[in-house]
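The lines below spell out each chain.
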Amino acid sequence: MASPSKDGRPGIGWALPAVVFFALFAVVPLVLVAVLSFTTWSGLGSPEFAGFDNWVTLFHDPVMIKSLWLSVLLTALGVVVQTPLSILLGVWAAGPQRNRAVLSAVFFVPLLLSATAVSVLWRALLEPNFGIPSQATWLFGDGNLLGDRTGAIAVLVLVSTWQFTPLHALIYQGAARAIPAVLYQAAEIDGAGRVRQFFHITLPQLRNAIITSVILMVVGGLTTFDTVLILTQGGPGTDTTITAYYMYQKAFKGFEFGAGAAIALLLVVVATAVSLVVVRVSGYDKMAGTKEGM
Amino acid sequence: MKTRARFHRAVAGGAALVLGLGLAACGGGGSSSGDSDEFHVLVYGDAGNRVEKRLVATFNKTSEVKAVLDTVPGADYQQKLQTVINTPQAPDVFFNWGGGSIQPFVEADLLLPLDDMMKKEPGLKSNFLPSVFETAQVDGKSYGIPMRGTQPVLLFNNKKVLADAGVEAPRTWDELLAAVKTLKGKDVTPIALGGGDKWTTMMWFEYLYDRVAGPELFKKALAGEKDVWDGADSRKALDMLRELIDAGAFGSNYDSVKFTDGSSPALLASGKAAFELMGSWAYSTQREADPDFARNDLGYSNFPAVEGGKGDAANLVGNTNNFYSVRKSTEHADAIAEFLKLMYSDEFVEEQLAIGNLPTTTNTDKFLDAADNPEYLKYQYDLVDKAPAFQLSWDQAYPPKNMTPIYVAVQQFFNGQLDPDGFIKAMQALTTV
């Protein structure tokens, strides 16, 4: 079964472990969550069939609708802030000098920390009476960052930027290193400056990397959870209650597992749809490989 | 039970949901284990387990049927309990907060009413302070025996700051308002509030509603009479809170501050704030963070009286205690009754006091002199002993799904996103069944 087939390609049997894993840990849970979303269940007794109740409630729930907007807003802000930053950082780090290698190693440290540790750290740093804001009142005023809608959203964007820019910079670094040097040599002969080289050679050559990175940011952004749990707990009020956190609140704080399952499923649908849109709009699906012979 | 992996909170909801579903599917309400000569006791895992371990050991020395203690780390306790309670792995006896925290279990017919047990052993009721004991009653039946220390909410202060400002611990609401004004003039935040935790903000509502409307209002609301939220008393309480907030009593950045990370206690200890309304555990929090402050300058008083209010100035709010409840299908009710009798034994009281908990048994006061902070313990014990009413925290009194809506409403009222009408509407939307 695992032997190569006639045309020399690996037999289908090789896919079996992955398929079984995927079915067991992705497909089966997804189906069960879908079933659960049509029930009410507090964790006690057996789930009771509730028809479309959870779904109807969900679409009339102002917090739910607000949470979707918030998720999209946070994701969009993340893409807008992180993409230019990580392209610049990645391209810079792709250069040959030795100090860049050392510095970029330092830049990658945030990536190694867990989101929880990062959030706890930032929460302490931004404490209004004892943290940074108390030392820089000219900038922060009373330091009410996490207790204010705009401030809390800004902090969430800042923290995820701080943590995930290194990952995306890494992607761009790799992609930038793969750009053939002859292109730059030719440009230099033609008299193009560094800025021109960046916009006419580097950026177009990074196209595939940009799409990869944006898809990762979109999916990651829509499912952000830890930072909200630790930094704001969805507050002030419901101002940072993003969809993933709302799901957690419903299911694991309120023991409304049916409603939680419906939110989870909705999130899966939205995240899948958004990444499909990104793939479509960018033309990623039609893109031919640039390698010879593929 | 111990070998089952603890699922991390951040794991996608789906996996945990499925695990729960799987557990529910194989649950049939059978007995907790194959062994017929033991029963399982599930408790919230923390430093307090030291006492629970000792008591189980004491019990097992003389009993034929052995008790087995299982602990679940604090943050996961309620989730874990709700997941296993009607499976074959369910505990026979388990820790809870009384009130709304056990109501869903009572409705699902999983709990044993302890009234028969108490008829045979009257001590199981008579040895506990009544205001505490009542917390674990649902529909007139008793479902819990107090098993740790009581945690009334007190108005803590920094004695030094008060002395510098020439202010005394306020006995009335007007004195509190006056103190706020004086303290503001001295450039001190009058009241520290860790609003980021949300339950901290809720405690101000609990007390003011109690003082203005009396304990009846909340009792009625909890029984499903939603009109009471829209009454004159309710509106008066909200207006008074508004006045306090607008007077700048809490400063302006309280929602960025937390109690749980030590920030609001530090505000009090460092003298940047003068008061903090907090559960009695604040004493040990301060003792750990700043022993000198706790010893010399940490003052405390009961919540101020409200002139013309319906609530007795001696009423308390907070966590009355934790309780042991018994699962209905247990095979060892008699042995468990014997085990529960230990909860008012001398050994229990001494051990709890040794770790800083204040038990709510009638014999507790005998042992207070021997404790290392007798003055504070006696003050608390007297308060609890004499309290005509002791209101369990709102978030624990209501069934769990209301916790988030309550937190959102109190936070939004404080920061001005909700006016009184909005707050009243939010409270009326809570579910009581």
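A quick note: this is a predicted structure, and the numbers were derived from the prediction, not measured. (Residues numbered from 1 in each chain as written. Chains lettered and ligands numbered in written order. Predicted model: local features only at pLDDT ≥ 70, side-chain atom pairs only at ≥ 80, totals over all residues. Heavy atoms only, no water.)

### Observations concerning the overall build of chain B
From N to C terminus, chain B includes 21 helices and 13 strands. The C-alpha radius of gyration computed for chain B amounts to 22 Å, which stays within 12% of the reference 22 Å derived for 433 residues, consistent with globular compactness. By its C-alpha atoms, chain B is 70 × 50 × 40 Å across when sized along the principal axes. For chain B, with 433 residues in total, the buried portion stands at 60%. (Helix = DSSP H or I, 4+ residues; strand = E, 2+ residues; numbered from the N terminus. Rg over C-alpha atoms; globule rule 2.2 N^0.38 Å. Buried < 20%, exposed > 50% of the residue type's maximum accessible area, 1.4 Å probe, protein only.)

### Concerning the packing of helix H3 (residues 62–93) of chain A against helix H9 (residues 149–177) of chain A
Residues and elements named next belong to chain A. In contact at an axis separation of 6 Å, H3 and H9 are set at 40° when each is read in the N-to-C sense. In terms of their interaxial angle, H3 and H9 are classed as oblique. As for how H3 packs across H9, the hand of that crossing is right-handed. Taken together, the residues of the contact of H3 with H9 break down into 17 nonpolar, nine polar and three charged. (Axes fitted to C-alpha atoms, helices over the stretch in contact; angles between N-to-C directions. Parallel < 35°, antiparallel > 145°, perpendicular 65-115°, else oblique. Left-handed = near helix turned anticlockwise from the far one by under 90°. Nonpolar A, V, L, I, M, F, W, Y, C, P; charged D, E, K, R; others polar.)

### Examining the interface of chain A and chain B
At the interface, 42 residues of chain A touch 43 residues of chain B. Taken together, the two surfaces of chain A and chain B that pack against each other cover about 3,500 Å², and 59% of this comes from carbon and sulfur. It is Leu44, Phe252 and Phe255 of chain A that lose the most area in chain A upon contact with chain B, and together they represent 18% of the buried surface on that side. At the boundary of chain A and chain B, one finds two salt bridges. Note that Lys401 of chain B is salt-bridged to Glu256 of chain A, the shortest N-O span being 3.8 Å. Taken together, the links from chain A to chain B amount to 16 residue pairs in polar contact (both at pLDDT 80 or more). Listing elements by their share of the side of chain A that touches chain B, those giving two or more residues are helix H1 (16–36), helix H13 (226–231), helix H14 (243–253) and helix H15 (257–282) of chain A. In terms of residue count, H14 of chain A provides more of the side of chain A that touches chain B than any other element does, five residues in total. Among the residues making up the side of chain A that touches chain B, the classes are represented as 21 nonpolar, 14 polar and seven charged. (Contact = heavy atoms within 4.5 Å. Buried area = accessible area lost by both parts, 1.4 Å probe. Salt bridge = Lys/Arg side-chain N within 4 Å of Asp/Glu carboxyl O. Polar contact = N/O pair within 3.5 Å; in protein donor to acceptor, adjacent residues only side chain to side chain.)

### Brief notes about the environment of Gln137 of chain B
Residue and element names in this part refer to chain B. Mapped onto the elements of the fold, Gln137 is located in strand S4 (residues 137–138). With 39 residues separating them along the chain, Gln137 and Gly98 place their C-alpha atoms 7.6 Å apart. Not counting residues up to four positions away in its chain, the partners in contact with Gln137 are Lys125 and Ser142. For Gln137, the side chain forms a polar contact with the side chain of Ser142, separated by 3.2 Å.

### A look at the pattern of salt bridges
Within this structure, the stated rule accounts for 22 salt bridges over all chains. Measuring nitrogen to oxygen at the nearest pair gives 3.8 Å for the salt bridge that ties Lys250 of chain A to Glu256 of chain A. Asp246 of chain B serves as the salt-bridge partner of Arg242 of chain B, at 3.4 Å between the closest nitrogen and oxygen. Here Arg242 of chain B and its partner Asp246 of chain B are both found in helix H12 (residues 232–246), four residues apart, which amounts to about one turn of the helix. We classify Arg242 of chain B as partly exposed; its relative accessible area is 22%. You can call Asp246 of chain B exposed: its relative accessible area is 57%.

### Some words on the domain arrangement of chain B
Residue and element names in this part refer to chain B. When the domains of chain B are assigned, the result is domain 1 (38–150 + 320–391) and domain 2 (151–318 + 398–428). Between the C-alpha centres of domain 1 and domain 2 the distance comes to 28 Å. Each partner contributes to the interface: domain 1 provides 20 residues, whereas domain 2 provides 21 residues. For the pair domain 1 and domain 2, the summed buried surface comes to about 1,900 Å²; carbon and sulfur atoms form 58% of the total. Counting every contact that joins domain 1 to domain 2 gives zero salt bridges. Taken together, the connections running from domain 1 to domain 2 amount to seven residue pairs in polar contact (both at pLDDT 80 or more). Of all elements in the fold, only helix H4 (103–107), helix H18 (374–386) and strand S13 (390–392) reach the threshold of two or more residues within the side of domain 1 that touches domain 2. No other element matches H18, which puts six residues into the side of domain 1 that touches domain 2. Among the residues forming the side of domain 1 that touches domain 2, the class breakdown is nine nonpolar, nine polar and two charged. (Domains from an automatic or database assignment.)

### Quick notes on helix H20 (residues 403–414) of chain B
With 12 residues, H20 of chain B should cover 16 Å at 1.5 Å per step; its first-to-last C-alpha distance of 17 Å lies within 8% of that length. Judged by how many residues are buried, H20 of chain B sits mostly within the fold: 11 of 12 residues are covered. Buried within H20 of chain B are the following residues: Met403, Thr404, Ile406, Tyr407, Val408, Ala409, Val410, Gln411, Gln412, Phe413 and Phe414 of chain B. Buried residues belonging to H20 of chain B abut H14 of chain A together with helix H10 (199–213), H12, helix H19 (394–397) and helix H21 (420–428) of chain B. Note on H20 of chain B: the residue one or two positions beyond its end, Gly416 of chain B, has a positive phi of about 90°. (Expected span 1.5 Å × (residues − 1).)

### Some points on the pairing of strand S10 (residues 298–301) of chain B
Residues and elements named next belong to chain B. Residues Leu298 and Tyr300 point to one face of S10 and Gly299 and Ser301 to the other, with burial holding for every one of them. Bridge analysis of strand S7 (residues 151–158) against S10 gives four bridges, and the strand direction is antiparallel. Within the sheet, the bridge partner assigned to Asn157 lies in S10 and is Gly299. (Pairing = 2+ DSSP bridges.)

### Observations concerning the sheet that holds strand S12 (residues 323–326) of chain B
Residues and elements named next belong to chain B. Taken in spatial order, the five strands of this open sheet run S2-S1-S3-S12-S6, and their pairing is mixed. With partners counted over all chains shown, the strands left at the sheet margins are strand S2 (66–73) and strand S6 (145–146), one partner each. Taken together, the four bridges between strand S3 (residues 93–96) and S12 define a ladder with antiparallel strand orientation. Paired with Asn96 across the two strands is Phe323, which belongs to S12.

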